[in-house]
Amino acid sequence: MKRGLNIFLVIIVLIFLWQICYWSGIFPQIMFPSIGDIGQALIKGIKQDDLLASIIFSLRLIGTGLVIGIFLGFMFSALAILSKHFCMVYEAIIILFDPLPGVALLPLAILWFGTGEMTTVFIIVHSVLWPISRSVIDGFRSTPAIYIEYGLNMGLSKARLITDIYIPASLPSIISGLKVGWARAWRALISAEMIFGVSGAVGGLGWFIYIKRYQMDTAGTFAALVVIMVIGLIVEHVLFASLEKSTIRKWGMIQHE
């Protein structure tokens, strides 16, 4: 509740400062619309401009990319812990590909997969896979040796050692990696949608922003940005907060705020 109250107060202050800047007339209205104009643009986007369809489309794509990226990240990280030779190769791959922005791979992805949904999913998987792999491998390596010895003494198989020992002991690092992967996936998704536009019958939030910018509808652009921030707040302070509360906070693995 304290974190939620702090966020609420920050939002109120930002809205107040924004409105003061609008009233001051320092910036042209086309550059700095009022809060009321942004609210009206948000309502108009939902009622007339298929904003809800764009939100659902983007969430479906990012969900698909996240599931694939997380699965591959855990699978390759588990193999890296179980095999030193694979670990050396995979860590070299992470070092090579992690710094590459997803947008830089878009031309190649379009050549390989066309301008459909598969290209966007590929860019999201690329943006998610490497930070999650780093966090999972670092978390596995920081697992206390006594936990591993305990699992071996119990006769756990390699698979059970990963699921019953490594993953629970590495959850703080894993959740941190998931947060980074989620943020990078959002940026990759919006960038990809803004560059090659609509895929299928409807475009995502990135395409919605691009259209509003082309129409010089600044209020509509800010309305879409507000939607992105709201979704981010929900994921961060509902989904991830619930996951932390039911696991690492409950188990005393991190300090309570």
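Conventions adopted
- Residues numbered from 1 in each chain as written.
- Predicted model: local features only at pLDDT ≥ 70, side-chain atom pairs only at ≥ 80, totals over all residues.
- Heavy atoms only, no water.
- Helix = DSSP H or I, 4+ residues; strand = E, 2+ residues; numbered from the N terminus.
- Expected span 1.5 Å × (residues − 1).
- Bend = angle between axes of the 7 residues up to and from the residue.
- Patch = residues over 30% accessible without salt bridge, like charges linked within 9 Å, V, L, I, M, F, W, Y side chains within 5 Å.
- Areas by Shrake-Rupley, 256 points an atom, 1.4 Å probe, with all protein chains shown as cover.
- Salt bridge = Lys/Arg side-chain N within 4 Å of Asp/Glu carboxyl O.
- Contact = heavy atoms within 4.5 Å.
- Polar contact = N/O pair within 3.5 Å; in protein donor to acceptor, adjacent residues only side chain to side chain.
- Axes fitted to C-alpha atoms, helices over the stretch in contact; angles between N-to-C directions.
- Parallel < 35°, antiparallel > 145°, perpendicular 65-115°, else oblique.
- Left-handed = near helix turned anticlockwise from the far one by under 90°.
- Phe/Tyr/Trp six-rings, centres within 6.5 Å; stacked < 30°, edge-to-face > 60°.
- Core = buried A, V, L, I, M, F, W, Y, C linked by side-chain atoms within 4.5 Å.
- Buried < 20%, exposed > 50% of the residue type's maximum accessible area, 1.4 Å probe, protein only.

### A few points about helix α11 (residues 218-246)
The end-to-end C-alpha distance of α11, which contains 29 residues, comes to 41 Å, matching closely the 42 Å that a straight helix rising 1.5 Å per residue would cover. The principal kink in α11, of about 25°, is found at Phe240.

### So, a nonpolar patch on the surface
A cluster of nonpolar side chains, namely Leu5, Phe8, Leu9, Ile11, Ile12, Ile15, Ile35 and Leu233, defines an oily patch on the protein surface of about 650 Å² accessible area. In terms of residues, the nonpolar patch owes the most to one element, helix α1 (residues 2-24), which gives six residues. Relative to the helices and strands, Leu233 resides in helix α11.

### A few points about the environment of Trp18
Considering the arrangement of structural elements, one finds Trp18 in helix α1. Taking the C-alpha atoms as reference points, Trp18 and Ile93, 75 residues apart in sequence, are found 45 Å from one another. When sequence neighbours within four positions are dropped, the list of residues in contact with Trp18 reads Phe32, Pro33, Ser34, Ile35, Ile38 and Phe222. Engagement of the side chain of Trp18 in a polar contact is seen with the backbone oxygen of Pro33, the distance being 2.7 Å.

### Description of the packing of α1 against helix α2 (residues 35-47)
At a minimum axis distance of 9 Å, the contact between α1 and α2 shows a crossing angle of 110°. Between α1 and α2, the interaxial angle falls into the category roughly perpendicular. Here Ile15, Trp18, Gln19 and Tyr22 of α1 lie close against α2, whose contacting residues are Ile35, Asp37 and Ile38.

### Points about the pattern of salt bridges
Considering all chains together, one arrives at nine salt bridges under this definition. Lys212 is the salt-bridge partner of Asp217, the closest N and O atoms lying 3.5 Å from each other. Each of Lys44, Asp49, Lys212 and Asp217 takes part in salt bridges that share partners, so that together they form one network.

### Things to note about the side chain of Ser135
Locating Ser135 in the fold gives a position in helix α6 (residues 117-141). For Ser135, the residues in contact, after removing those within four places along its chain, are Ser173 and Gly177.

### Here's the deal with the packing of α1 against α11
Helix-helix packing is described using two parameters, namely the angle between the two axes and the distance between the axes. α11 packs onto α1 with a crossing angle of 170° between their chain directions and a minimal axis gap of 12 Å. Between α1 and α11, the crossing angle belongs to the class labelled roughly antiparallel. Here α1 runs over α11; the crossing is right-handed. Note on element contacts: α11 touches α1 through Phe222, Leu233, Glu236 and His237, opposite Arg3, Ile7, Ile11 and Trp18.

### Considerations on the packing of aromatic side chains
Summed over all chains, the structure comprises 13 aromatic pairs. With a centroid separation of 5.9 Å and an interplanar angle of 85°, the aromatic rings of Trp112 and Phe122 are classed as edge-to-face. Placement of the pair is Trp112 in helix α5 (residues 106-113) and Phe122 in helix α6, with a sequence separation of 10 residues. Ring plane angle 15° and centroid distance 5.3 Å describe the contact between Trp207 and Tyr210, whose orientation is recorded as stacked.

### Observations concerning the nonpolar core
One finds Ile62, Trp182, Trp186, Leu205 and Ile231 to be the most contacted residues of the largest nonpolar core, which totals 37 residues. Put simply, the parts of the chain that give this core at least two residues each are α3 (51-82), α6, α8 (158-169), α9 (171-196), α10 (205-214) and α11. Take this core: its biggest share by element is eight residues, from α9. Residues Cys87, Tyr90, Leu129 and Trp130 belong to the second largest nonpolar core, which totals seven residues.

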